[in-house]
Structures are given as structure tokens and as C-alpha cells.
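# Coordinates in review
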There are 2 protein chains.
Amino acid sequence: MDEKNSIDEKLILEMLDERKFKELKEILMTMHPVDIVDVLEELNKKQAILIFRLLEKEEAAEVFTDMDSDTREHLINALTDSELEEVMDQMYLDDTVDVLEEMPANVVNRLLKVTDEDTRKKINLLLQYPEDSAGSIMNVEYVSLRKDMTVADAILKIRQVGINKETIYTCYVTEKRHLVGAVDVKDLLTAGENRLIEEIMDENVMYAMTLDDQEMVATCIKKYGLVAMPILDYENCLVGIVTVDDAMYVLQDETTEDISIMAGVTPNEESYFGTSVFKHAKGRVVWLMFLMLSATISGEILAHFESAMAAMPVLITFIPMLMGTSGNSGSQSSTIVIRGLSVGEIEFKDFFKVIFKEIRIAFICGVLLAAANGIRIYIMYGHDIMLAIALGITMIAIITMAKCIGCTLPLLAKKLGADPALMAAPLISTIMDTCTILMYFTIVTAFFHL
Amino acid sequence: MDEKNSIDEKLILEMLDERKFKELKEILMTMHPVDIVDVLEELNKKQAILIFRLLEKEEAAEVFTDMDSDTREHLINALTDSELEEVMDQMYLDDTVDVLEEMPANVVNRLLKVTDEDTRKKINLLLQYPEDSAGSIMNVEYVSLRKDMTVADAILKIRQVGINKETIYTCYVTEKRHLVGAVDVKDLLTAGENRLIEEIMDENVMYAMTLDDQEMVATCIKKYGLVAMPILDYENCLVGIVTVDDAMYVLQDETTEDISIMAGVTPNEESYFGTSVFKHAKGRVVWLMFLMLSATISGEILAHFESAMAAMPVLITFIPMLMGTSGNSGSQSSTIVIRGLSVGEIEFKDFFKVIFKEIRIAFICGVLLAAANGIRIYIMYGHDIMLAIALGITMIAIITMAKCIGCTLPLLAKKLGADPALMAAPLISTIMDTCTILMYFTIVTAFFHL
């Protein structure tokens, strides 16, 4: 993508080995903090600390913010208090809070010790917002203007306050800390210097509350194409903003969470390699255990039809195919509905529309699969047309049932306030296994008078 | 979220019924185009057209851009050429191209007829970029500056050119159309009027090429927290920019595509309700057919062990549970690896690290599940300790195998340039069904000398 920034890790390692610190420092200065993090995470702890110490103050703070919590903890242990203080001074408050939330208590204490009292107070306030709330991800550094300021005053204020780029693209106008409007930086740039903010501001501002869910805020930022969204506290005072880059990460994390749940894995906020084997196992074994025990019901039902299978052993042959097909058909529908719900394409009010659509889809799929399977049976099992027909009817019935159950469960979950993602492949296949065996043997025992 | 904008659909319908067009027009003016689209899509075609005609020019263009292709086509058929021309004039070029790509040929011709020749040329150029390329989603309206301009010149230029907000947050500096730097609007705002662009510009600009994959560009925008990314053509000339709001939609669409493939559904760009039943069925039946035919292998293997099952009928009871558990275990691993690959947390070089981790996780899960299942069997099947042990060994073996196969296949797919998402639940469960039956009967026949 961007060749200017793809500096070789090997080169950095070489320079480190040859102790060419001055050249290395120059190279690091041209690199993007995100790329430095990529390199650091590949090095051993000792090398990483050496590199970190070569960084400029501001860059060091950004690198410190972006690295994973494991590397960060090692680094904190290696740095002196005064080095740590320098890094903390340069960090944005919301990033500091994110970092603190992930650290063990003793590290948090050490970090808080090196920050000044004023910042410490603000940090403690932010730490109180519940996880996943807008308050917990908001940026508290933003530009607030007054209605009676001129454009020139506003520009002066931006010069003093606006530290981070994203945070100045929209400036917010407040009156006794209440949000009364917003001014886009473009309007500041193009309006006359002496015009009043009041005249150029947009009074129709979208906002969210500190306790709103972060996913809702991020979705809103995406939907309306915003650069930032102002956040108000319970007294309707402006206390922070959520910027588009944070929104992108929130949406990515929420999707990862959904996908985990859809695979029957309890989601966790840590990275794959950052999570211990034991924690991974814990996140997976609960669902496996539940599904395993549920699957014994299918086993019992199967045992119940033992005599039918003894009378006609060929019936056993089709069980994996039927269970697989019904599970897959159901998962297709449930997955599509879950995703549709999550991006806002499908809502609960579409319930009957969805079911009607899925039934028609199921019928087409069922007939095609029944036909293909019928031909196969006719050829492979001595032209047994009755067997082909019985299997065909079973196939259409189970696919229709699978698609109905598959699309219904996520919609019901949504309506009942549960997570639709729970109704994905693992649960649907387990339910469909039971239904399939029941339906299969009901049809074939009736058909062949077993 | 934002109470100011949640205007009741019912209210709008009432006003439409009572033909209070003037009041309706005023309400529409205060609404966000995205919200108007939400309302329009709930109305019937005739009502939608009535509402659309009440919109202001600029708002109409935005609403037209945001609505789904179905509603849009109806609208185009109802509008006169001159109405259409007005809408097209107000639209951004990249949006026009998006709209044209979705329309049938006769509509495209009608739309192109009402645009002026210059725009038509530009549109045709953009239409030539391959789907999913950076060129196909880029914005061709951006601010380009020259090195020798002063800040005051630059501001004047923005006033003339910068139409869309997002497109001015970063201005690009070109020399003979080649990209030489970027200036953030904050720097323009805070630098002295007479300073040269050359002095304040950042020469280290990230860029992408027109033919680069749109997902790569969007990922880059997210990773580096950019507001926009400049796009160069094959001659290294600046031809457009991709903005962060477009990047968010690209990432969402790519995730939806991944999730579809992971559920065994061929993805399509249309919405759930915008896709016909036949097209839905087509997207699903291919995988179902393939998996159904693959599942017959499991059936044949099962038939092969008929005599073992006849000798010890209780063995049948455990088949659904074992197949379900192995499928779920394998899907857990494959899903987590697929997502890890897609967000860049896992790479192919982590191959052995991943396998080693999964084996350990599998062992913990396997032992716990074997124990739970063993206790159940011991209680339910007349204290048959041998059966409990045989099933326990099978359980540990299949979970370990499932997790190994589940994590390996997506990594191999990635390495071989295939889509890792193909290696998700449907395929893994089908493979695991076969492996499970083979392993189960190999173990129990050896154990009980069947």
C-alpha cells in the first residue's frame, strides 16, 4: 500500500545489533507510530525497551497507546518513574483511561502516582463510566466555543486548545456548558473573521448521552457520516466527544464479539495470543458442554428407532447427510438474519416477511436437493424409487423446517432482548439434529410400514 | 439517541393525507437525509414520490444517493428528465457512479442523457475501475494545492472548491499532478496567512493506487486513524481520495460478505429484501448441494460399521453427540482464526503457535467433556465403565483433531490465496462428521473387539 512506511524489521534489528542508535532514531522519526508498534511486538522485551527509549516524547506516547497490553506491562516495569511520567503527560486522557482499565492494580497505582492531581481526578471520573458506554470511550479534549465569539476568537481558541486533529474538525458551541450548536472547521475557515459564531453555527446537532451504549453511538456516527459526536452527561452538559476513528474500532470489536458468539465462543476483549489457553478453553467449553448434553436427546431418539434401522439398515446411511443438510440450511438462514439485524437491514416488524421469504427459498433448495439426492439413490441403491421418494420428502421437509427455525429464533431473541447471535450455527444445528431424526424416522416408518 | 431527529412517520403520513404540503416541507427541511430515506422506504411508491418532490435540491440529491436501488428505480421512472437533471447536478460524482453501477442499462442511459458532457466523460472513466477497487469508491472532488501558494490562497481555493465537508479536512499538495504533500485544515487555520504551503505541509503522506483493493484502503484508513487517503493512478498522479465514511461502509460490507461465506452462502451486494427468492436460493443451494454430497461419504462409512452397531446397538446413540461436538469444536477454532486473520491479529507466520495453542485448548475441553459424558454414561447405562472410557478417549481424540483441522484450514487457505472464510462451520462440520465416524468406530471396535 504505502511503500514509504514499510521499513524493514530486519534493518531495525541490524542497526540495533550494531548499536547505530543515531541512525535508528532518525528512521523511527519517519515511521508512523502504528508501524513502530508492529515492529516492537515482533522484538524481544529487551530490544523493545531499547527502541522505545529512542522515540521522541510525542511518538512514544502514541506508541505506548497503540501497543498490546502484554508488551505495555513489560515496558512499564522497565521504565523509571520519570520516564513514565513523560509518557503519561503526552497521552490523551481517554487513551490513558483505556490503558488503565487493562492493567493490574499495582501497575495502575504506579501510573496514577506519576500523574498530577488534576489529571488524576479526571481519570477517576472517566473510570467510573460503565464498560461499553459512550462515556468510557469519549475524548474529553475538544474545542468548545461561545455564541458571542467571533470567528477570529474561535481560531485563536483552536490554536490554544485543539491538540488532536480529529477533535477540531467540528467545534461545539456551549452556553453554561449546555450544547447549543456546532461549527464545522470549514465554516470557520471560509467565514469572515469578524462574524459571530452564533451566525454560522448549526443548531441542529446530534448528540448522545454518557451512558448510551458505545455501539449505538458508533452506528450513528457511521449512519450519518459524522466525524465526531458530542456526549452529554445526565445534566445535559457537554462532557466529551466520540470521534470517527474510535467508532471504527468499536464497530470492529462488536462484530468480532458477534462472530465469536455465533461460533459458540464466549467473547473476550483480549487478543487471540494475549488470552491464556485456560481462558480460551473456558470460553469454549461451556457451549460445547451444553450442546453435547443437548445432543444426547438426538441420540436417545435415534436409539428409539433401533428396530426400524434393524429392519432396514440402509436408513442409517442417510443420517449424516440429513443432519448435515438441515444444520447447514438452518445456519444459513439464522446467520443472514443475525447479520441483517446487526446492520439494521432487518427488524422484528419484518417477522412474517422474513418467514415467508425463507419458506419459498427453502422450497426451491429442498426440491433441487431432493432431486439430486433422488438420482443418486436411484443409481446407487438398485433403482429403489420408493427410497428416493421417501428421502426426497424428508429432504424438503427438514430444509423448510430448518429455514423457518433458523430465521425465527434470532428475530425472537431480538424481540426478547437477548443477543440474536446466540441463535447461530451451533445451537441451530443441535436443534435441527433432533428435529431431523424425528422427522426422518416418522416419514420412513410410515412410508415403509416399519 | 438523538431525539431532535426522530420525527414520527405517522405524522408525515397524516400531513400527506391532509395535503399539508407547506408544513411537511418545513419538517423535511429539519430532517437528516438519512432519516428521510428511512421514512421513504416505509411508504408506498406514490407517497414516496410525493415526499421526494417536496425536498430541497441538495437534500433531494442526498436522499437519492442513500435510498435502496429498488426505491430509486421506481423514483427514476416517475421523475421527469428535468427533475432528474436537477438531482444529478447536485450529486457527488462518486455517488453518481455508485448509483449507475446498480441500475439496469435503460435507466443508466436515461441518467447519462441528462448529465452534461464533461461529467459524462468523468463518469465513464470512473465506471471503468474494477468493482472493489479503490478507484471505484474514490471521491474525485478534493482540494489540491500548490507548494508556492500562501495559506490565504489555500483558504480561497477551499472556499471555491471544497463542497463536501469531509473532503477538506486534509488538502493535498501536487506538483504537475504528482502528490508531494498534505496539509491538515488545522494547520491552515492556525498558520499565518502569508506562510507558504511548502513550509507547513507534511511530506510523508500515505497513499494507495486506483487498482488497490478497497478493503486494503479501508483497513489502512482505520489502522492509521486517517480522515481520507489520496489515490494515485498508474502514472502516480493524484486522481481522488477515499474518505473515512466510505471506508466504514466498505469494512461493513466486507464483514457481511465474510459472514455470508462463513455460513455457506454466496454473498451478494444487494440487501436481504432487495434480493429475489430465486437469487437467495441460488446463493445457498450450491453449498448445500456440495455439502450434501460430501456427507454421503460419512453415510457410506457408517454403513461399513453396520455389523459393529448390530453387535452393540448402544453405539448408535452416541453418534449425533460426537458428530455435533466435533463439528462445534472445529467451527470454534476455524471461526476464531478466520476473524483473527481478517482483523490482522493472526498471520500465516503464526501457524505453529496457533496449532500448539489450539491443541492445548482442545485437551482441556476434551478432558472436561469426556469426564461429564463419562459420568452421564456411567449413570445412564448400567455402570458400564468400559463404555465411559471408550467414549472418553474418542471425545478427546475428536476434539483435538477438530481443533487442529479447524485452525489449520483457514491459515492454509490464506497462504494459498483462497478466502479463509470458506473454511468455516459448514465445511469443517462436514469434514469432521467423516473423521468422527471413522475415529469413533476404530476406537470402539478395537476396544470391544467387535
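Residues numbered from 1 in each chain as written. Chains lettered and ligands numbered in written order. Predicted model: local features only at pLDDT ≥ 70, side-chain atom pairs only at ≥ 80, totals over all residues. Heavy atoms only, no water.

Quoted interface sizes are often the accessible area lost when the parts come together. Listed as interface residues are 123 residues of chain A and, on the opposing side, 122 residues of chain B. Counting the surface lost from both chain A and chain B, the interface buries some 11000 Å², and carbon and sulfur atoms represent 69% of this. Seen at the junction of chain A and chain B, the total is 6 salt bridges. Across the pair Arg284 of chain B and Glu358 of chain A runs a salt bridge whose closest N-O atoms are separated by 2.7 Å. Counting the contacts that link chain A with chain B gives 34 residue pairs in polar contact (both at pLDDT 80 or more). Its residues assigned to classes, the side of chain A that touches chain B shows 65 nonpolar, 29 polar and 29 charged. (Contact = heavy atoms within 4.5 Å. Buried area = accessible area lost by both parts, 1.4 Å probe. Salt bridge = Lys/Arg side-chain N within 4 Å of Asp/Glu carboxyl O. Polar contact = N/O pair within 3.5 Å; in protein donor to acceptor, adjacent residues only side chain to side chain. Nonpolar A, V, L, I, M, F, W, Y, C, P; charged D, E, K, R; others polar.)

On to the relation of the copies chain A and chain B, then. When chain A is fitted to chain B, the residual RMSD is 0.1 Å, and the transformation amounts to a turn of 180° plus an axial shift of 0.0 Å. What the superposition gives is, in effect, a two-fold axis relating one chain to the other. Both copies present the same face, since 99% of the interface residues in chain A are matched by interface residues at the equivalent positions in chain B. (Least-squares fit on C-alpha atoms with pLDDT ≥ 70 in both.)

Right, let's get into a negative patch on the surface. On the surface, Glu41, Asp68, Asp70, Asp98, Glu101, Glu131, Asp253, Glu269 and Glu270 of chain A cluster together into a negatively charged patch. Within the fold, Glu41 of chain A resides in the loop between helix H3 (33-40) and helix H4 (45-54). (Patch = residues over 30% accessible without salt bridge, like charges linked within 9 Å, V, L, I, M, F, W, Y side chains within 5 Å. Areas by Shrake-Rupley, 256 points an atom, 1.4 Å probe, with all protein chains shown as cover. Lys, Arg positive; Asp, Glu negative; His and termini not counted. Charge placed at Lys NZ, Arg CZ, Asp CG, Glu CD. Helix = DSSP H or I, 4+ residues; strand = E, 2+ residues; numbered from the N terminus.)

As a further point, take the pattern of salt bridges. Close approach of charged atoms allows side chains of opposite charge to pair. Across all of its chains, the model carries 22 salt bridges over all chains by this definition. A salt bridge links Arg110 of chain A to Asp81 of chain A; its shortest N-O distance comes to 3.0 Å. Here Arg110 of chain A is found in helix H9 (residues 105-113), whereas its partner Asp81 of chain A is found in helix H7 (residues 81-90), with 29 residues between them in sequence. Judged by its relative accessible area of 34%, Asp81 of chain A is partly exposed. Here Asp38 of chain B ties to Lys223 of chain A by a salt bridge, and the two come within 2.8 Å at their closest N and O atoms. A residue pair is termed interchain when its members come from two chains, as with Asp38 of chain B in helix H3 (residues 33-40) and Lys223 of chain A in helix H15 (residues 214-223). Since its relative accessible area comes to 33%, Asp38 of chain B is described here as partly exposed. In this structure Lys223 of chain A comes out as partly exposed when scored by relative accessible area, which is 31%. Through salt bridges with shared partners, a single network forms among Glu42 of chain A together with Glu347 and Lys349 of chain B. (Buried < 20%, exposed > 50% of the residue type's maximum accessible area, 1.4 Å probe, protein only.)

This part is about the packing of aromatic side chains. As enumerated under the stated definition, the model contains 19 aromatic pairs over all chains in all. Taking 5.4 Å as the distance between ring centres and 45° as the angle between the ring planes, the aromatic pair formed by Phe348 of chain A and Phe351 of chain A counts as tilted. A residue is classified by how much of its surface remains accessible, and Phe348 of chain A, at 28% relative accessible area, is partly exposed. When its relative accessible area of 14% is taken as the criterion, Phe351 of chain A is described as buried. Grouping aromatic residues by their ring pairs yields a cluster made of Phe305, Tyr440 and Phe441 of chain A. Taking NZ or CZ as reference, Lys222 of chain A lies 5.8 Å from the ring centre of Tyr249 of chain B, over its face. One residue, Lys353 of chain A, lies across the ring of Phe273 of chain B, its end atom 4.3 Å from the ring centre. (Phe/Tyr/Trp six-rings, centres within 6.5 Å; stacked < 30°, edge-to-face > 60°. Lys NZ or Arg CZ within 6 Å of the ring centre and 35° of its normal.)

Structurally, Thr190 of chain B can be placed in helix H13 (residues 185-190). A relative accessible area of 18% means that Thr190 of chain B is categorised as buried. Discounting residues that sit within four places of it in the chain, Thr190 of chain B has contacts with Ile158 and Arg159 of chain A.

By size, the foremost hydrophobic cluster in this structure holds 166 residues, and its most contacted members are Phe52 and Ile197 of chain A together with Phe52 and Ile197 of chain B. Setting aside its immediate chain neighbours within four residues, Phe52 of chain B contacts Ala60, Val63, Phe64, Met67, Leu75, Leu79 and Val87 of chain B. (Core = buried A, V, L, I, M, F, W, Y, C linked by side-chain atoms within 4.5 Å.)

It is worth spelling out a nonpolar patch on the surface at this point. All names here are of chain A. Together, Ile375, Tyr378, Ile379, Met380, Ile385, Met386, Ile389 and Ile393 give the surface a local cluster of nonpolar side chains, amounting to about 760 Å² of exposed area. Mapped by element, the contributors of at least two residues to the nonpolar patch are helix H21 (351-380) and helix H22 (385-415). Within the secondary structure, Tyr378 is located in helix H21. Using a relative accessible area of 34% as the deciding quantity, one classes Tyr378 as partly exposed.

The next point concerns the sheet that holds strand S5 (residues 228-232) of chain A. Residues and elements named next belong to chain A. As summarised here, the arrangement of the 3 strands in space is S4-S5-S6, forming an open sheet in which the pairing is mixed. Lying at the two open borders of the sheet, with one neighbouring strand each, are strand S4 (208-209) and strand S6 (238-243). Bridge count for S5 against S6 is 5 bridges, and the pairing is antiparallel. Paired with Ile231 across the bridge in S6 is Gly240. Against the sheet, H15 makes contact with S4, S5 and S6, and its axis sits at roughly 140° relative to S5, the strand it touches most. (Pairing = 2+ DSSP bridges. Axes fitted to C-alpha atoms, helices over the stretch in contact; angles between N-to-C directions.)

The subject of this paragraph is the pairing of strand S3 (residues 178-184) of chain A. Residue and element names in this part refer to chain A. Of all 7 residues making up S3, 5 are buried, and the element is well covered by its neighbours. Taken together, the 6 bridges between strand S2 (residues 170-175) and S3 define a ladder with antiparallel strand orientation. By the bridge assignment, Tyr172 is partnered in S3 with Ala182. In textbook terms, the turn of a hairpin is the stretch between consecutive antiparallel strands, and for S2 and S3 this stretch comprises 2 residues, one of which, Lys176, has a positive phi near 45°.

Packing of H15 of chain A against helix H16 (residues 244-262) of chain B brings their axes to within 9 Å, and their N-to-C directions diverge by 115°. Mapping the contact onto sequence places Ala218, Lys222 and Lys223 of chain A in H15 of chain A and Met248, Tyr249 and Gln252 of chain B in H16 of chain B.

Right, let's get into the pairing of strand S6 (residues 238-243) of chain B. S6 of chain B sits mainly inside the fold: 6 of its 6 residues count as buried. Linking strand S5 (residues 228-232) of chain B back to S6 of chain B in an antiparallel pair, the connection comprises 5 residues, with Asn236 of chain B at a positive phi of about 65°.

As a further point, take helix H8 (residues 93-102) of chain A. The element H8 of chain A is largely enclosed, with a buried count of 7 among its 10 residues. Buried residues of H8 of chain A: Leu93, Asp94, Asp95, Thr96, Val97, Val99 and Leu100 of chain A, and no others.

This next bit is on the sheet that holds strand S4 (residues 208-209) of chain B. Residues and elements named next belong to chain B. Reading across from one edge, S4-S5-S6 is the order of the 3 strands in this open sheet, with mixed pairing throughout. Here the strands that pair on one side only, and so sit at the sheet edges, are S4 and S6. Of the pairings in the sheet, the one linking S4 to S5 comprises 2 bridges and is parallel in character. Across the sheet, the residue bridging to Ala208 is Ile231, located in S5. Helix H15 (residues 214-223) rests against S4, S5 and S6 of the sheet, and its axis sits at about 145° to S5.

Now for the environment of Met67 of chain A. Residue and element names in this part refer to chain A. As for its placement among the helices and strands, Met67 is situated in the loop between helix H5 (57-66) and helix H6 (69-78). With relative accessibility at 4%, the residue Met67 sits in the buried group. Sequence separation between Met67 and Glu41 is 26 residues; the distance between their C-alpha atoms is 7.6 Å. Contact partners of Met67, with chain neighbours within four places excluded, come to Val37, Leu40, Glu41, Phe52, Arg72 and Leu75.

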